[in-house]
Amino acid sequence: MLENSMLNDLLIDPAYIIAGLGAAIVLLMLLVIICLVKLGGLKKKYKKFMEGSDAQSLEELIQTEVENIKQLQETDLRIEENIKAMNQVISGCYQKKGIVKYNALTGMGGQVSFALALLDLNNSGIMINSIHTREGSYLYLKEIRDSKCEVLLGKEEQKALEKAIAEK
């Protein structure tokens, strides 16, 4: 055999090295084939995308999409303005309530009288007090501004106002 070969100094049989290199070559060939197949698929997709489209038709398509985006942006601005206007209207609507039922006359039985506070987000609104007696029902209305009333509130009315203010 080879007496002066450097392969004689190896602790491993050179046949194993050659077999390992052969397996690596086969593996690399498989990877190359897989890459070529994927490249072919990509070429088909590219041809399909470009088929029937020249540079001018692609430019027209892009311009159309840009116009659509501009229209969507204008619509979005109008919607935002509408939402702001609605929020301003809503802030003036009654959004908080507080109700306290009570017995105005001890001999009547049942809690048929009530105090109702209706407030907006700024804690302004109205206080309705309905007192039911044997002779009839009486309804009183008081104006509330910034959580305060110019007219003295009864204890039930004050409780109803506090309940309404506490609502979030």
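Data block above holds the structure.
I will try to describe carefully the structure that is included in this document. Keep in mind that what you see is a predicted model, and the values were worked out from it rather than measured.

**Some thoughts on the overall build of the chain**
Next, step 1: Helix and strand counts for the chain come out as three helices and five strands.
Next, step 2: Counted from the first residue to the last, the chain has its helices and strands arranged as α-α-β-β-β-β-β-α.
Next, step 3: Since a compact globule built from 168 residues should have a radius of gyration of about 15 Å, the 43 Å found for the chain marks it as more spread out than a globular shape.
Next, step 4: In the chain, the share of contacts with a sequence separation of at least 24, taken over all contacts with a separation of at least 6, comes to 42%.

**Considerations on the pairing of strand β3 (residues 125-132)**
Next, step 1: Of all eight residues in β3, six are buried, a share of seventy percent or more.
Next, step 2: By the bridge criterion, six bridges tie strand β2 (residues 113-119) to β3 in an arrangement that is antiparallel. Directly across from Phe114, in β3, lies its bridge partner Ser130.
Next, step 3: Where β2 folds back on β3, the antiparallel hairpin that results is connected by five residues, among which Asn123 adopts a positive phi of roughly 60°.
Next, step 4: As paired strands, β3 and strand β4 (residues 137-145) are joined by eight bridges and run antiparallel to one another. Paired with Ile126 across the two strands is Glu143, which belongs to β4.
Next, step 5: The antiparallel hairpin formed by β3 and β4 contains four residues in its connecting segment, where Gly136 sits at a positive phi of about 160°.

**Concerning unusual backbone geometry**
Next, step 1: Its identity is not glycine, yet Asp146 carries a phi of approximately 50°, on the positive side.
Next, step 2: Assignment of secondary structure puts Asp146 in the loop between β4 and β5 (148-149).
Next, step 3: Assessed through its relative accessible area of 52%, Asp146 is described here as exposed.
Next, step 4: Positioned with a positive phi, Ser147 is a non-glycine residue whose angle comes to about 70°.
Next, step 5: Checked against the element boundaries, Ser147 lands in the loop between β4 and β5.

**Concerning the pattern of salt bridges**
Next, step 1: Enumeration according to the criterion identifies four salt bridges in this entry.
Next, step 2: Here Glu157 makes a salt bridge to Lys142, at a shortest N to O gap of 2.8 Å. Here Glu157, found in helix α3 (residues 155-166), pairs with Lys142, found in strand β4; they are 15 residues apart in sequence, far enough to count as distant.
Next, step 3: Glu157 gets classed as buried once you look at its relative accessible area, which sits at 3%.
Next, step 4: By relative accessible area, which is 17% here, Lys142 ends up buried.
Next, step 5: Residue Glu143 is joined to Arg145 by a salt bridge in which the shortest nitrogen-to-oxygen separation is 2.8 Å.
Next, step 6: Looking at Glu143, the relative accessible area reads 48%, which means it is partly exposed.

**Here's the deal with the sheet that holds β5**
Next, step 1: Spatially, five strands are ordered β1-β2-β3-β4-β5 in an open sheet, and the strand pairing comes out antiparallel. Across the chains shown, the open sheet's two edge strands, defined by having one partner strand only, are β1 (96-102) and β5.
Next, step 2: Sheet contacts for α3: β1, β2, β3 and β4; angle to β1, the most-contacted strand, approximately 150°.

**As for the side chain of Asp120**
Next, step 1: Structurally, Asp120 can be placed in the loop between β2 and β3.
Next, step 2: There is no salt bridge for the buried Asp120, and the closest opposite charge comes from Lys96, which lies 7.3 Å off by N-O distance.
Next, step 3: Apart from the residues within four sequence positions on either side, Asp120 is in contact with Ser91, Gly92, Cys93, Tyr94, Gln95 and Lys96.

**Observations regarding the environment of Glu167**
Next, step 1: Of note, Glu167 is situated in the segment after α3.
Next, step 2: The class of Glu167 is partly exposed, set by a relative accessible area of 25%.
Next, step 3: Each C-alpha atom, one on Glu167 and one on Lys96, is 6.0 Å from the other, the two residues being 71 residues apart in sequence.
Next, step 4: In contact with Glu167, other than residues within four places in its own chain, are Gln95, Lys96 and Lys97.

What counts and how
- Residues numbered from 1 in each chain as written.
- Predicted model: local features only at pLDDT ≥ 70, side-chain atom pairs only at ≥ 80, totals over all residues.
- Heavy atoms only, no water.
- Helix = DSSP H or I, 4+ residues; strand = E, 2+ residues; numbered from the N terminus.
- Rg over C-alpha atoms; globule rule 2.2 N^0.38 Å.
- Contact = heavy atoms within 4.5 Å.
- Buried < 20%, exposed > 50% of the residue type's maximum accessible area, 1.4 Å probe, protein only.
- Pairing = 2+ DSSP bridges.
- Salt bridge = Lys/Arg side-chain N within 4 Å of Asp/Glu carboxyl O.
- Axes fitted to C-alpha atoms, helices over the stretch in contact; angles between N-to-C directions.
- Lys, Arg positive; Asp, Glu negative; His and termini not counted.

Interpretation note: all reported values are geometric properties and have no functional meaning in isolation.
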